[in-house]
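Commentary on secondary and tertiary structure
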Amino acid sequence: MTETPFTGGIVGESRPRREDPALLTGEAKFIDDLQIPGALWLACVRSPHAHARITAIDASAALGIDGVVAVYCGDDLADAWEAPLPCAWPVTDDMKNPAHYPVAQGKANYAGDIVAVVVAESRYAAADGLEGVVVDYEPLDAVVTIEDAESDRVVIHEDCGTNVSYEWPLVPDPDAVEAAFADAAHHVTETFVHQRLIPTAMEPRGVAAVPAPHNGNMTLYSSTQIPHILKVMAAITLGLPEQKIRVIAPSVGGGFGCKLNVYAEEVICMALAQRHGVPVRWTEGRTEASGSTIQGRAQRQTIELAADADGKLTAVRATLLADMGAYLQLVAPGVPLLGAFLYHGLYDVPVYSFTCKSVFTNLTPTDAYRGAGRPEATYAIERAMDALAVAVGVGPDEIRSRNFIPTEKFPYDSPAGLVFDSGNYQPTLDRAKELVDWDGRRAEQVDRRAAGSTTHLGIGISSYVEMCGLAPSRTLAALNYGAGGWESATVRILPTCKVQVVTGVTPHGQGHETCWSMIVADQLGIDPDDVEVLHSDTAISPLGMDTYGSRSLAVGGTAIWMATEQVIEKARAIAAHMLEANADDLEFAGGNFTVKGSPDKEVPLAGVAFGAFTAHDLPEGIQPNLQAQVTFDPSNFVFPFGTHIAVVEVDEATGAVELLDYAAVDDCGNQINPLIVEGQLHGGIVQGVAQALWEDASYDADGQCRAANLADYLVPSAAECIDMKLDYTVTPSPSNPMGVKGIGEAGTIASTPAVMNAVVDALRPMGITDITMPASPMTVRRAIEVATGGAS
Amino acid sequence: MIPAAVDYVRADSAEAAIAALAEAGDEAKLLAGGQSLVPLMRLRLATPSVLVDIGRLDGLSGISIEGDTVGIGALTTHSTLEHSADLAAACPLLAHVAGQVGDPAVRHRGTLGGSLAHADPASDLPAAVLALGGTLVVAGPGGSREIAATDFFTGFLESALGADELLTEVRVPVSTGGWCYQKFNRRAQDWAIVGVAVAEGGAGVALVNMGSTPMRAAGVEAAVAGGASAVDAAAVAADGTEPPTDNNADGDYRAHLSRVLTERALTAAGA
């Protein structure tokens with residue numbers, strides 16, 4: 001299947017991103033580049049304790065510092081809030097959602113919780129002011145682990161009465177689950193822990209709130225993924241009239257989900273800009289970000305597989321304990337739900353059970369981080385499939401082949417209640433095996449073991465399917481999400497036949513401008529450079545649901561495609577009038593309308609566009625100008641899939657894991673710009689490998705982050721990466737007219753289990769069946785010592 | 001990441017730098033490449049009242065080889081050491097280790113003198129200079145003096161350098177015997193979790209990040225001198241050390257690593 005609606009020769013080409021020259025030369029302006037005359041600078045006094053009562057705050061020393069204008073504590077600003085910070089995803093009706101105020105009132109609930117803010121004439125004075133605010137704390141016992149949280153030994157939010165925020169079951173047929181496990185020839189039970197991760201966008205967050213005191217307008221600049229959602233939520237939180245708020249996301253240096261939120265600093269800057277009548281701005285520091293920006297993962301999962309004697313799965317049962325952190329951020333409760341439907345992976349399983357319990361801890365709040373729920377689900381099933389392969393006595397490739405959903409079953413009614421749109425899984429495994437020379441590597445592994453080598457080879461497979469393209473609004477309603485999943489686009493052809501595309505999706509590094517211009521140019525038969533893409537400003541693009549969940553192309557791109565088709569149809573009607581022909585007899589190709597059978601009768605799109613602009617001679621009932629606006633609400637998610645294989649070498653003496661080879665064969669349907677697909681995969685794969693090998697936002701027993709800067713939080717650099725072997729299959733989605741699926745998160749979803757399966761594969765002859773992530777040298781070495789009885 | 005206010009003095013000469021230090025007392029810090037000091041200032045872990053900038057002093061940069069001695073100006077950057085063909089020929093261990101410091105940006109700014117004066121036990125270059133049996137030349141109000149590298153590192157981030165003294169030159173012997181530097185870390189640009197520098201086939205051995213100071217592995221050197229095998233000599237690498245604990249490694253694991261890496265380094269160096 002390679003159906004594509006594109007015939008213009010532009011879509012499908014690998015084109016360099018047109019955004020990059022401005023981004024790379026400094027011409028593009030990020031939040032901290034903005035020159036805002038007269039702005040006051042905000043600095044945040046953050047609790048050094050994970051859990052403490054605030055007994056007194058003395059700001060007198062700060063107020064004596066030259067340049068410090070004001071200091072506010074939680075009580076001073078209590079009347080600024082019409083509502084607490086929002087959580088838009090109350091997944092159950094009885095979900096506990098403690099009031100989360102931008103500045104803590106009475107108690108700090110994590111190290112990093114804002115307890116006071118300093119406003120000063122410069123960022124230096126603001127930073128000096130922090131040291132002049134004396135806060136008296138009464139430290140309380142901190143809840144640091146999810147197990148401790150679940151026990152309710154210490155209840156963090158007294159008004160909730162428990163640390164359990166919600167429990168969410170997805171068990172379509174409980175009796176069938178029991179029966180399947182009772183009858184199973186093989187019953188595999190595995191427990192895995194997903195450590196906390198710090199998203200680490202290259203650009204930390206930043207905010208500038210610019211008021212217009214006389215007309216009541218407020219412009220908020222924020223390094224955010226969601227200017228549209230932020231506008232609505234800021235209006236609700238501050239009680240400001242929504243039409244007075246304009247939100248602009250300037251160039252945004254990455255997000256990975258961490259800028260898919262409504263943060264305290266955003267509404268604090270707005271409230272103080274209003275109060276002082278001048279702009280107020282804040283730029284996050286990197287160390288500050290480690291405590292003040294949401295973190296990802298933080299789950300403990302147990303997965304059980306039931307299978308028959310041949311290893312054919314008969315049931316999957318997963319239970320999850322998820323750490324929400326100290327408060328519920330914007331979509332945090334829904335993150336486990338985004339994985340809840342996928343714990344059976346891409347395997348044909350008749351019976352399914354998923355339950356989740358989410359708890360509060362005295363740690364930085366968690367929320368969506370690249371993949372959001374699907375990496376966790378994929379990790380569980382893919383690690384467990386390797387365990388099942390061992391139990392059955394077949395290879396990890398064979399166990400997967402026996403269980404893949406057969407191609408003829410698509411669209412596939414999943415046991416969790418989804419409809420997988422399209423899939424053809426086996427070819428991705430076959431091709432990935434070719435790319436890493438599977439048979440050769442297996443032989444090498446055997447040879448090394450036979451020779452008694454102390455550098456052990458490991459080969460790990462991860463086959464995945466994910467659900468993205470968020471999302472059908474009705475499905476979101478069924479999951480209790482607080483908004484829809486549609487996307488909006490406007491396409492207008494200007495009098496000179498240049499094109500403006502207005503989109504509600506909000507890029508922060510994806511290359512949207514390049515891709516959207518390619519789509520429209522291909523449809524219209526014009527040069528992509530003649531297409532301007534406008535976005536990320538609620539005054540220019542008033543309708544939008546922004547960028548996350550690999551939705552921009554499948555939902556926002558589809559809206560653009562549909563709007564362009566509507567423009568073409570309108571142009572066709574005008575062209576028919578100009579050519580005195582029937583509209584049905586016109587062909588449109590290469591930017592020209594021609595009459596079938598009379599190739600000399602033609603009018604270029606430029607002529608139609610100018611005619612539509614002058615409106616001197618339009619057909620009856622046709623309005624001037626070529627413009628269309630479409631809001632697209634998808635009928636289903638899209639389901640990209642693929643197989644990744646990692647080859648690692650483990651040094652027995654040191655425990656060091658080295659990535660030797662990596663192959664990824666992905667299927668995201670039709671590709672608009674393969675170069676951008678490649679880039680998304682490179683970055684995504686490395687981000688997932690980072691969870692397997694390097695990154696760990698570990699906390700000590702007092703709730704202090706032990707990896708609060710980039711010396712301790714090990715984000716890999718190019719030096720740690722290897723050349724990845726990428727290839728693709730193409731199975732278009734039937735759920736949208738372009739046949740596309742998202743690819744922004746796939747690499748991260750697939751790569752973590754591939755690497756960990758490889759590490760465990762290397763060590764399995766020693767009896768090792770699991771390594772806690774990240775597989776640091778010390779962790780691996782300790783596991784080897786325990787397994788072999790050796791000591792350091 | 002906003003440093004506290006600080007006064008700034010640019011020194012035109014070594015004498016002027018020393019005079020500025022003497023005037024400011026303990027609150028002054030010398031600024032050379034700034035690769036260690038400036039991050040500490042941005043985190044407000046260092047809050048000097050005066051920065052004495054020696055970055056533009058003439059005459060403190062460069063590599064000269066006279067007879068059996070390599071003299072290196074204190075302001076010579078890691079990058080210069082890394083790419084010097086003369087140094088690679090006369091003292092390949094030092095040239096190689098310079099190329100293992102941080103990342104290219106750090107190596108273009110960071111200086112040999114700065115690295116030694118900072119006295120960080122996790123730094124690469126102090127171990128190389130220790131293994132080579134180097135000598136440090138310092139200038140103060142009363143003139144110049146020489147300090148053996150083995151006497152230079154006195155405590156965590158502390159050295160024998162006086163508050164009003166300036167490190168001007170590092171001297172190491174020409175050393176072309178078997179050498180190796182084993183740096184174990186998780187990312188290329190990081191400090192070593194443990195490092196081992198071996199010079200002259202094991203006559204000089206020094207350890208990185210195995211205690212509060214850069215240190216020689218005297219036990220290993222003695223074992224090699226006594227004819228021990230690499231395996232046997234490496235077995236005593238951690239003896240007498242008090243390795244620190246951090247996210248990457250606890251003391252026991254560091255001790256284990258020091259033995260593994262010492263064995264590898266000695267073997268590679270032909271011990």
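Read on for an overview of the structure.

The subject of this paragraph is the overall build of chain A. Each helix and strand in chain A was counted, giving 20 helices and 28 strands. For 792 residues, the compact-globule estimate of 2.2 N^0.38 gives 28 Å, and chain A sits close to it at 28 Å. With respect to the three principal axes, the spread of C-alpha positions in chain A is 90 × 70 × 50 Å. Relative to its 792 residues, chain A shows a buried fraction of 62%. Considering only contacts within chain A whose residues lie at least 6 apart along the sequence, 80% involve residues at least 24 apart. When the accessible surface of chain A is totalled, it reaches about 27,100 Å², and 51% of it is carbon and sulfur.

Okay, unusual backbone geometry next. Residues and elements named next belong to chain A. In this model, Phe410 is joined to Pro411 through a cis peptide bond whose omega is -5°. As for its position among the elements, Pro411 is in the loop between helix 11 (396-403) and strand 16 (412-413). Residue Ala471 follows Leu470 across a cis peptide bond; omega there is -10°. Structurally, Ala471 is set in the loop between strand 18 (455-465) and helix 14 (473-478). In this model, Asn480 sits at a positive phi of 70°, which is unusual for a non-glycine residue. Its location among the elements puts Asn480 in the loop between helix 14 and strand 19 (487-493). The partly exposed category is assigned to Asn480, whose relative accessible area is 29%. Phi is positive for Glu580, which is not a glycine, with a value near 50°. Taking relative accessible area as the criterion, Glu580 reaches 72% and is therefore assigned exposed.

All names here are of chain A. Strand order across the open sheet formed by four strands is 18-26-27-28, with mixed pairing between neighbours. Lying at the two open borders of the sheet, with one neighbouring strand each, are strand 18 and strand 28 (725-728). Going across the sheet, the axis of each strand differs from the next one's by a mean of 10°, ignoring polarity. Across four bridges, the pairing between strand 27 (residues 657-667) and strand 28 is parallel.

It is worth spelling out helix 15 (residues 512-524) of chain A at this point. Residue and element names in this part refer to chain A. Taking 1.5 Å per residue as the helical rise, helix 15 with its 13 residues ought to reach 18 Å, and the 18 Å between its terminal C-alpha atoms agrees with that figure. Of all 13 residues making up helix 15, twelve are buried, and the element is well covered by its neighbours. All buried positions along helix 15 are accounted for by His512, Thr514, Cys515, Trp516, Ser517, Met518, Ile519, Val520, Ala521, Asp522, Gln523 and Leu524. Residue Gly525 follows helix 15 closely and has a positive phi angle near 70°.

Residues and elements named next belong to chain A. Enumeration over the complete set of coordinates arrives at zero disulfides over all chains. Here Cys87 stays unpaired: no disulfide links it, and the sulfur of Cys160, its closest cysteine neighbor, is 12 Å away. The exposure class of Cys87 is buried, given its relative accessible area of 16%. Here Cys258 is not cross-linked by a disulfide; its sulfur's nearest cysteine counterpart is in Cys705, at 14 Å.

All names here are of chain A. On the secondary structure map, Ile114 appears in strand 5 (residues 114-120). Linking Ile114 and Ser47, residues 67 residues apart in sequence, is a C-alpha distance of 6.3 Å. Once you skip the residues sitting within four places of it in the chain, Ile114 turns out to touch Cys44, Val45, Arg46, Pro102, Val103, Ala104, Ala264, Glu265 and Ile268.

About the criteria used
- Residues numbered from 1 in each chain as written.
- Chains lettered and ligands numbered in written order.
- Predicted model: local features only at pLDDT ≥ 70, side-chain atom pairs only at ≥ 80, totals over all residues.
- Heavy atoms only, no water.
- Helix = DSSP H or I, 4+ residues; strand = E, 2+ residues; numbered from the N terminus.
- Rg over C-alpha atoms; globule rule 2.2 N^0.38 Å.
- Buried < 20%, exposed > 50% of the residue type's maximum accessible area, 1.4 Å probe, protein only.
- Contact = heavy atoms within 4.5 Å.
- Areas by Shrake-Rupley, 256 points an atom, 1.4 Å probe, with all protein chains shown as cover.
- Pairing = 2+ DSSP bridges.
- Axes fitted to C-alpha atoms, helices over the stretch in contact; angles between N-to-C directions.
- Expected span 1.5 Å × (residues − 1).
- Disulfide = S-S within 2.5 Å.

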